[in-house]
Amino acid sequence: MKKRLFTPGPTPIPETIMLKMAEPIVHHRNPEFNEILTRVNQNLKYLFQTEQPVLTLTCSGTGGVESTFVSLFSPGDKIIASNGGKFGERWVKMPKVFGLNVVEIKVEWGKAPTEEQILTALKANPDTKAVYLTHSETSTGAATDVKTLSKLIRENSNALICVDGITAVGAHEMRFDEWGIDVCVTGSQKGLMIPPGLAFVALSKRAIEAIETSKLPRFYLDLKKALKSYADNDTPWTPAISLIIGVDLALQKIREEGIENVWARHKRLANAIRAGVVGAGLKLFSEFPSFAVTPVWVPEGVEWKQFNKILKGKYGITIAGGQDDFTGKIFRISHLGYYDELDMITMIGALEMTLKECGHKFEIGSGVTATLNALTAK
Ligand SMILES: *Cc1c(COP(=O)(O)O)cnc(C)c1O
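Thresholds, definitions, all that
- Residues numbered from 1 in each chain as written.
- Predicted model: local features only at pLDDT ≥ 70, side-chain atom pairs only at ≥ 80, totals over all residues.
- Heavy atoms only, no water.
- Pairing = 2+ DSSP bridges.
- Helix = DSSP H or I, 4+ residues; strand = E, 2+ residues; numbered from the N terminus.
- Contact = heavy atoms within 4.5 Å.
- Axes fitted to C-alpha atoms, helices over the stretch in contact; angles between N-to-C directions.
- Buried < 20%, exposed > 50% of the residue type's maximum accessible area, 1.4 Å probe, protein only.
- Near = heavy atom within 4 Å.
- Polar contact = N/O pair within 3.5 Å; in protein donor to acceptor, adjacent residues only side chain to side chain.
- Areas by Shrake-Rupley, 256 points an atom, 1.4 Å probe, with all protein chains shown as cover.
- Nonpolar A, V, L, I, M, F, W, Y, C, P; charged D, E, K, R; others polar.
- Phe/Tyr/Trp six-rings, centres within 6.5 Å; stacked < 30°, edge-to-face > 60°.

### Some remarks on the sheet that holds strand β11 (residues 293-297)
Taken together, the 3 strands give an open sheet; going across it, the order is β11-β14-β13, and neighbouring strands pair in antiparallel fashion. Pairing within the sheet leaves two strands with one partner each, and these edge strands are β11 and β13 (320-321). Where β11 and strand β14 (residues 330-334) come together, 5 bridges link them in antiparallel fashion. In the strand pairing of β14, P295 is matched with R332. Contacting β11 and β14, helix α10 (residues 259-279) crosses the sheet at an angle of about 10° to β11.

Okay, structure coming up:
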């Protein structure tokens, strides 16, 4: 049985990249590796659509976001954090640990923060140093309109605009410079199609200035040290060499396809999955759907555990379950990274066969037909 991964991190890895990463390791302080890191640094700028530095850190995405809290701020600094799911919640909890003063914007799961919510929080807190937004909230599949909100924040404050782009970069349009974003973080095991272990942090001029005056203690995740090494296409510590070799290839693939085409493919595949799910008589969970992941309500009469067991045991497909209050109530299908149209048909086909076995009443083939229609619509 073939194993197929449809989770929003880790995501599938292209064979050519796996083979490349399996080659004998090279040393990181030699010209050969410096050449690779130089190219990675260039291509990361393309990925984020920026002329600014994008740092590569050896840690998961969470470490990337932590590096921004500890490197940009000082004890007592006020930040606004939007919380509409597991990851938004993390960006409320984490800065508190470091003694930052956090104003939380509570967003209902499946929804995104509104302009009004952001504006109200900014007006009530004129001393805000930064606003943290989650571009694609992976736990709920809700996308935040970062472009519109960034403009709003810029027009109404001096706060830095910090974006968790961990499942958005590569799936959703991201124009770091044009949109006036100050910080954007992503991770290697999401849209970048390689294993977990690297985080990427884009920094605006304003963000780099903030690093100069920040007083929070830090060592490993010090972005000042990372920036100093970055100037020589180097890293302060031993990086995850094999992963950087992998991401070099992944970024070249993205460049070849073209970033706009990569975004468009994610949108097309997301629409195809959604059509299939609805076609099979299921309901979507999120009102503002992300192009990276589609959360779906487990239909009435179907038991999540049994459903998941069949999908995995009989068809080799791994999807993600719901989290917190939505455990057993929703499931999440990812289409982030290395996927094509036929993968979507496979996924919906397996979903239908599994639903039928679980006793869900619908016309078999209606989901796949809807997916095929979505993929072939002009
Ligand atoms: C996966 C994810 C994270 C956490 O990244 P790790 O690599 O697991 O540390 C943060 N935010 C979002 C939106 C994610 O999808």
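### A look at the environment of L133
Structurally, L133 can be placed in strand β5 (residues 130-134). Overall, L133 belongs to the buried group, its relative accessible area being 1%. Linking L133 and W91, residues 42 residues apart in sequence, is a C-alpha distance of 8.8 Å. If we ignore the near neighbours within four places in the chain, the residues touching L133 are S82, P113, I118, L149, I153, C162, V163 and D164.

### Quick look at the site of the ligand
Taken together, 14 residues sit near the ligand, with S60, T62, T138, D164 and K190 positioned nearest. Here an oxygen atom of the ligand and a backbone polar atom of G61 are 2.8 Å apart. At 2.4 Å from an oxygen atom of the ligand is found a side-chain nitrogen or oxygen belonging to T138. A total of 380 Å² of accessible area belongs to the ligand in isolation, and the protein chains cover 90% of it. Residue assignment for the shell around the ligand shows that the elements contributing at least two residues are α3 (61-72) and α4 (86-97). A per-element tally of the shell around the ligand places α4 first, with 3 residues. The residue inventory of the shell around the ligand, partitioned by class, reads 3 nonpolar, 8 polar and 3 charged.

### Observations regarding the packing of aromatic side chains
Summed over all chains, the structure comprises 12 aromatic pairs. Arranged with centres 5.9 Å apart and planes meeting at 20°, the rings of Y220 and W237 form a pair that is stacked. Taken together, the residues span a long stretch of sequence, with Y220 in the loop between α7 (205-213) and α8 (223-230) and W237 in the loop between α8 and α9 (241-257) at a distance of 17 residues. Under the relative-accessibility criterion, Y220 is labelled partly exposed at 42%. When its relative accessible area of 26% is taken as the criterion, W237 is described as partly exposed. Consider the rings of F307 and F331, whose centres lie 5.0 Å apart with planes at 35°: the pair is tilted. Of this pair, F307 sits in helix α11 (residues 304-313) while F331 sits in strand β14, and the two are 24 residues apart along the sequence. Of the two residues, F307 and F331, both sit in the buried class.

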